[in-house]
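# Commentary on secondary and tertiary structure
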Amino acid sequence: MEDSYKHKGLRKQLVREVAEKGIYDRRVLDAINVIPRHFFFDPIFETHAYEDKAFPIEVGQTISQPFTVAFQSQLLKINKGDKILEIGTGSGYQACVLVELGARVYTIEYQKKLYQKAIRFLPKLGYQPHMYHGDGSKGMSKFAPYDGIIVTAGAPTVPNELIQQLKVGGRLVIPVGNNETQSMVLIEKITDNKIRKKQFENFSFVPLLGEKGWSDSKT
Ligand code: SAM
């Protein structure tokens, strides 16, 4: 795996593109600038790594579009040392961004093959999030409460369990909608019984599966 001057140059260009689309958090832009996204691609598709696009990985899943990764990361407003749960490890790229932002990351993946790949691959890059295999649609109560929860697959509704597993002051970022388009929903937990909700339009994720997600006809 080589991270050449060419890769670094393409990454800088990607950072500029993402910033022009509205990402202003310097720490998020720096994380994108540092992580070699092409390492997450099969070498034959490497040229696509620095396009601002989602790209297919294995088992019909995708590595999210860099803008989307940055947008969700920015909404989380991570402070160093925050405990963050990611639902949908996928390639592991978003988890690395969260680690770069100083978070203690717990990430869960539904597809065993992707989980197995991530636990072997991320430590080789120097990233050590806590990685689990299973259905994260109800969160991971074992390690709750979290300062932030990020869902990287499209959900039909906001599962209550995720709000319960947030600390007061915590933030949940979750795409909600149908199988084609979703709104990005930000939920801030104001008190144990009060939340504030904001919505941002036009995202497109693979579906959240499992108990609180869409039904999975293949399992
Ligand atoms: N964060 C990922 C990345 O950086 O590559 C993007 C992942 S992809 C858009 C969404 C992931 O969510 C897929 O890998 C999918 O298998 C996973 N997923 C779907 N439903 C899930 C569930 N109930 N629990 C955990 N992971 C789930």
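Each remark here, short or long, concerns the structure printed above.
Before going into details, it helps to say that this report is about the structure given with it.

Rules of the game
- Residues numbered from 1 in each chain as written.
- Predicted model: local features only at pLDDT ≥ 70, side-chain atom pairs only at ≥ 80, totals over all residues.
- Heavy atoms only, no water.
- Axes fitted to C-alpha atoms, helices over the stretch in contact; angles between N-to-C directions.
- Helix = DSSP H or I, 4+ residues; strand = E, 2+ residues; numbered from the N terminus.
- Left-handed = near helix turned anticlockwise from the far one by under 90°.
- Contact = heavy atoms within 4.5 Å.
- Nonpolar A, V, L, I, M, F, W, Y, C, P; charged D, E, K, R; others polar.
- Phe/Tyr/Trp six-rings, centres within 6.5 Å; stacked < 30°, edge-to-face > 60°.
- Buried < 20%, exposed > 50% of the residue type's maximum accessible area, 1.4 Å probe, protein only.
- Lys NZ or Arg CZ within 6 Å of the ring centre and 35° of its normal.
- Near = heavy atom within 4 Å.
- Polar contact = N/O pair within 3.5 Å; in protein donor to acceptor, adjacent residues only side chain to side chain.
- Areas by Shrake-Rupley, 256 points an atom, 1.4 Å probe, with all protein chains shown as cover.
- Core = buried A, V, L, I, M, F, W, Y, C linked by side-chain atoms within 4.5 Å.

## Remarks on the packing of helix α3 (residues 66-76) against helix α4 (residues 93-100)
Running from amino to carboxyl end, α3 crosses α4 at an angle of 40°, the nearest separation of the two axes being 11 Å. Like other packed secondary-structure pairs, α3 and α4 cross with a definite hand, here right-handed. Side by side, α3 and α4 meet where V69, Q72, S73 and L76 of the first sit next to Y93, Q94, V97 and L98 of the second. In terms of residue class, the contact of α3 with α4 is made up of five nonpolar, three polar and no charged.

## Overview of the packing of aromatic side chains
Counting across every chain of the model gives ten aromatic pairs. Ring plane angle 35° and centroid distance 5.2 Å describe the contact between F41 and F55, whose orientation is recorded as tilted. With a gap of 14 residues between them, F41 in the loop between α2 (26-34) and β1 (55-56) and F55 in strand β1 connect regions that are remote in the sequence. Comparing F41 with F55, the two get one shared label, buried. Three or more aromatic residues link up through ring pairs in this structure, and these residues are F67, F71, F200 and F203. Across the ring face of Y93, the terminal group of R37 is positioned such that the distance to the ring centre comes to 5.6 Å. Here the basic side chain of K83 rests over the ring of Y146, its NZ or CZ set 5.7 Å away from the ring centre.

## Looking at α3
Judged by how many residues are buried, α3 sits mostly within the fold: eleven of eleven residues are covered. Of all the positions in α3, only P66, F67, T68, V69, A70, F71, Q72, S73, Q74, L75 and L76 are classed as buried. Looking one or two residues past α3, K77 carries a phi angle of roughly 45°, positive in sign.

## Considerations on the site of the ligand
As a structural note, the neighbourhood of the ligand is formed by 28 residues, with S91, E109, D135, G136 and L209 the closest of them. Here E109 contributes a side-chain N or O atom positioned 2.5 Å from an oxygen atom of the ligand. Within the backbone of L209, a nitrogen or oxygen atom sits 2.7 Å from a nitrogen atom of the ligand. Contact with the protein chains covers 100% of the free accessible surface of the ligand, which is 600 Å². Elements with a minimum of two residues in the shell around the ligand: β2 (62-63), β3 (83-87), α4 and β4 (104-109). Here the shell around the ligand is composed, by residue class, of eleven nonpolar, 14 polar and three charged.

## Here's the deal with the nonpolar core
In this structure, I23, F40 and Y93 are the most contacted members of the largest nonpolar core, which totals 45 residues. Looking at this core, the elements with two or more residues in it are α1 (5-20), α2, α3, α4, α5 (112-125) and β8 (182-191). Of the residues forming this core, the biggest block, six residues, is contributed by α3. Apart from the residues within four sequence positions on either side, I23 is in contact with V18, V28, L29, F67, A70, F71 and Q74. Formed by 20 residues, the second largest nonpolar core is a distinct cluster that contains I108, Y146, V176 and L208.

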